[in-house]
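The residues making up each chain are set out below.
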Amino acid sequence: MNTRKPTLGEFIIENQASFSYSSGELSRLLNAIRLAAKVVNHEVNKAGLVDLFGSSGDVNVQGEQQQKLDVFANTTFIQALKNRNIVCGIVSEEDDDFIKVDCIDNNNSSKYVVLMDPLDGSSNIDVNVSVGTVFSIYRRITPIGSPVEMEDFLQPGINQVAAGYVIYGTSTMIVFTTGDGVNGFTLNPAIGSFYLSHPDMKFPETGSIYSVNEGNYTHFPVGVKKYIKYCQMDEGDRPYTSRYIGSLVSDFHRNMIKGGIYIYPNSTIHQDGKLRLLYECNPVAFIAEQAGAKASNGYQRILELKPKEIHERVPFYCGNTAMVEKLESFLLDK
Ligand code: AHM
Ligand code: MG
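This one's a predicted model, so the numbers in the text were calculated from it and none came from an experiment.

*Asks:* How would you sum up the coordination of the magnesium ion (ligand 2)? Please name residues and give values.
*Replies:* Coordination of the magnesium ion (ligand 2) by the protein comes from Glu93 (OE), Asp117 (OD), Asp120 (OD) and Glu280 (OE), over a distance range of 1.9 to 2.6 Å. All donor residues of the magnesium ion (ligand 2) come from one chain, and their arrangement in sequence is E-x23-D-x2-D-x159-E. Remark: glutamate 280 occurs in helix α7 (residues 277-290) and aspartate 120 occurs in strand β5 (residues 112-120); sequence separation between them is 160 residues. Glutamate 280 shares its class with aspartate 120; the two are buried.

Set out below in structure tokens:
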């Protein structure tokens, strides 16, 4: 029996026929992300040695300090996508406006746009804690061959063709979905290839981890405060365990494997929540649903929200369905 695990490259080729609207372009796009992930991984791993920790001195569109690795990851992913002429537009957390990609070589025939957070959880970089890349892929709405427009990016999450994340952790993984389940690939650094290590990932039936920045507790809506107290109650399978890394990708990834809920509410300090709908919440929500879980803004399904602008923020509750629904019930019961 052949028990060798397929590489990500082999998996993409083998499954190309099952991708929606398959023409090989999505496969090439995923391959570009795979390549950029390897380059960023290499840099993340040696960051402490080559003075990449710390701030670059610039401030991004959200008014946050950009870290050197943020800038490096942003440039790397954008170049990997641009150089291969496989996307017509890109939105990045690090850039104010969307990027129009001119694909002269193939007559501007690309049909995909990519939205991404090139290095999420970057405040964790300096302290050697896991960070991630999050990406979301859509088919454009405007005609192929014309420059992309804002409407190509402001699509609800249900239109996503593929989404995923890279986690630069104790090992480096790419986890993604094309709407046909979730698969995780682990990098073998000695060989430089990603291997299918986590096929058909599913949230466990039940969860007992809640992940939230409790330092902001007093600023949370009453319903969220009540839910946190519920998690801490000594009753039935509770108290739940509290685990919070402060890196969405890492917190979500752990909860998908162990069972739990990720909570980032609106609050008196973050009126609309902190996480970005288009390139943080939507891709994670797509993966969560494909893995049998739920993602909500407290009242509505994340994937059905109609975005108004590219850097829009939204409250985010994501994880085991029963846990998310319990939290929603506390929000409704003021
Ligand atoms: P970033 O995109 O600036 O890195 O911020 C997003 C991160 C998420 O990964 C993480 O879950 C959250 O911000 C942590 O925020 P806080 O420090 O307020 O708990
Ligand atoms: Mg981010």
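Text resumes after the structure shown.
*Asks:* Would you mind going over the sheet that holds strand β8 (residues 172-177) in detail, with residue names and values included?
*Replies:* Spatially, the 8 strands line up as an open sheet ordered β4-β3-β5-β6-β7-β8-β9-β10, and their pairing is mixed. Pairing within the sheet leaves two strands with one partner each, and these edge strands are β4 (99-100) and β10 (193-198). As judged from the 5 bridges shared by β8 and strand β9 (residues 182-188), these two strands associate in the antiparallel manner. Within β9, the position partnered with valine 175 by the bridge is glycine 184. Sheet contacts for helix α6 (residues 248-258): β5, β6 (131-139), β7 (162-168), β8 and β10; angle to β7, the most-contacted strand, approximately 100°.

*Asks:* Break down the packing of aromatic side chains for me, citing the residues and quoting the values.
*Replies:* Scanning the entire structure with this criterion turns up 12 aromatic pairs. On the basis of an interplanar angle of 15° and a centroid distance of 5.8 Å, the ring pair of phenylalanine 176 and phenylalanine 185 is categorised as stacked. Across this residue pair, the class does not change: phenylalanine 176 and phenylalanine 185 are buried. The ring of tyrosine 230 is capped by arginine 238, whose NZ or CZ atom sits 3.8 Å from the centre of that ring.

*Asks:* So what about the environment of arginine 34? Which residues, and what values?
*Replies:* Along the polypeptide, arginine 34 turns up in helix α2 (residues 25-45). It is 8.2 Å that separates the C-alpha atoms of arginine 34 and leucine 8, two residues lying 26 residues apart in sequence. With residues near it in sequence (within four places) discarded, arginine 34 still touches Leu8, Gly9, Ile174 and Phe194.

*Asks:* Tell me about the nonpolar core, residues and numbers included.
*Replies:* With 41 residues, the main nonpolar core has Leu29, Leu81, Ile137 and Tyr168 as its most contacted residues. Considering each element in turn, this core owes the most residues, 9 residues, to α2. With 32 residues, the next largest nonpolar core counts Met256, Ala291, Ala295 and Leu303 among its residues.

*Asks:* Can you explain α7? Please cite residues and give values.
*Replies:* Most of α7 is tucked away: 12 of the 14 residues are buried. Immediately beyond the C-terminal end of α7, within one or two residues, lies glycine 292, with a positive phi of roughly 85°.

*Asks:* Which residues make up the sheet that holds strand β13 (residues 260-264), and what values do they have?
*Replies:* Here 5 strands make up an open sheet; going across it, the order is β12-β11-β13-β15-β14 and the pairing mixed. Every other strand in the sheet has two partners, leaving β12 (241-242) and β14 (294-296) as the edge strands with one partner each. Sheet topology places β13 next to strand β15 (residues 316-319); 4 bridges connect them, and they run antiparallel. Counted as the bridge partner of isoleucine 263 is tyrosine 317 from β15.

*Asks:* An account of the packing of α6 against α7 is needed here, citing residue identities and associated values.
*Replies:* Taken N-terminus to C-terminus, the directions of α6 and α7 make an angle of 10°; their axes are 12 Å apart at the nearest point. Looking at the two axes, α6 sits roughly parallel to α7. From α6, Leu248, Phe252 and Met256 reach across to α7, where they touch Glu280, Val284, Ile287 and Ala288. Tallied by class, the residues present in the contact of α6 with α7 amount to 6 nonpolar, no polar and 1 charged.

*Asks:* Please set out the site of ligand 1 residue by residue, giving values where relevant.
*Replies:* Near ligand 1, the surroundings consist of 17 residues, among which Asp120, Tyr244, Leu248, Tyr262 and Tyr264 are the closest. A distance of 2.7 Å is found between an oxygen atom of ligand 1 and a backbone nitrogen or oxygen belonging to leucine 248. At 2.9 Å from an oxygen atom of ligand 1 is found a side-chain nitrogen or oxygen belonging to lysine 274. When isolated, ligand 1 has an accessible area of 470 Å², and the protein chains bury 86% of it. Those elements giving two or more residues to the shell around ligand 1 turn out to be β5 and β13. Broken down by class, the residue content of the shell around ligand 1 amounts to 5 nonpolar, 5 polar and 7 charged. The two domains that each donate at least three residues to the shell around ligand 1 are domain 1 (8-198) and domain 2 (209-332).

*Asks:* Which residues make up a nonpolar patch on the surface, and what values go with them?
*Replies:* On the surface, Val127, Val129 and Ile245 cluster together into a nonpolar patch covering about 210 Å² of accessible area. Looking at valine 127, the relative accessible area reads 53%, which means it is exposed.

*Asks:* Give me the lowdown on the pattern of salt bridges, citing residues and values where you can.
*Replies:* With the rule as written, the count across this model stands at 11 salt bridges. Taking the shortest distance from any N to any O, the salt bridge between arginine 276 and glutamate 93 comes out at 3.1 Å. With arginine 276 in the loop between β13 and α7 and glutamate 93 in the loop between β3 (89-92) and β4, this pair connects stretches of sequence that are 183 residues apart. The pair arginine 276 / glutamate 93 is uniform in exposure class, with both members buried.

Criteria and thresholds
Residues numbered from 1 in each chain as written. Chains lettered and ligands numbered in written order. Predicted model: local features only at pLDDT ≥ 70, side-chain atom pairs only at ≥ 80, totals over all residues. Heavy atoms only, no water. Donors = N, O, S within 2.8 Å, 3.2 Å for Na, K, Ca; no water. Helix = DSSP H or I, 4+ residues; strand = E, 2+ residues; numbered from the N terminus. Buried < 20%, exposed > 50% of the residue type's maximum accessible area, 1.4 Å probe, protein only. Pairing = 2+ DSSP bridges. Contact = heavy atoms within 4.5 Å. Axes fitted to C-alpha atoms, helices over the stretch in contact; angles between N-to-C directions. Phe/Tyr/Trp six-rings, centres within 6.5 Å; stacked < 30°, edge-to-face > 60°. Lys NZ or Arg CZ within 6 Å of the ring centre and 35° of its normal. Core = buried A, V, L, I, M, F, W, Y, C linked by side-chain atoms within 4.5 Å. Parallel < 35°, antiparallel > 145°, perpendicular 65-115°, else oblique. Nonpolar A, V, L, I, M, F, W, Y, C, P; charged D, E, K, R; others polar. Near = heavy atom within 4 Å. Polar contact = N/O pair within 3.5 Å; in protein donor to acceptor, adjacent residues only side chain to side chain. Areas by Shrake-Rupley, 256 points an atom, 1.4 Å probe, with all protein chains shown as cover. Domains from an automatic or database assignment. Patch = residues over 30% accessible without salt bridge, like charges linked within 9 Å, V, L, I, M, F, W, Y side chains within 5 Å. Salt bridge = Lys/Arg side-chain N within 4 Å of Asp/Glu carboxyl O.

Nothing here speaks to function; it is geometry throughout.
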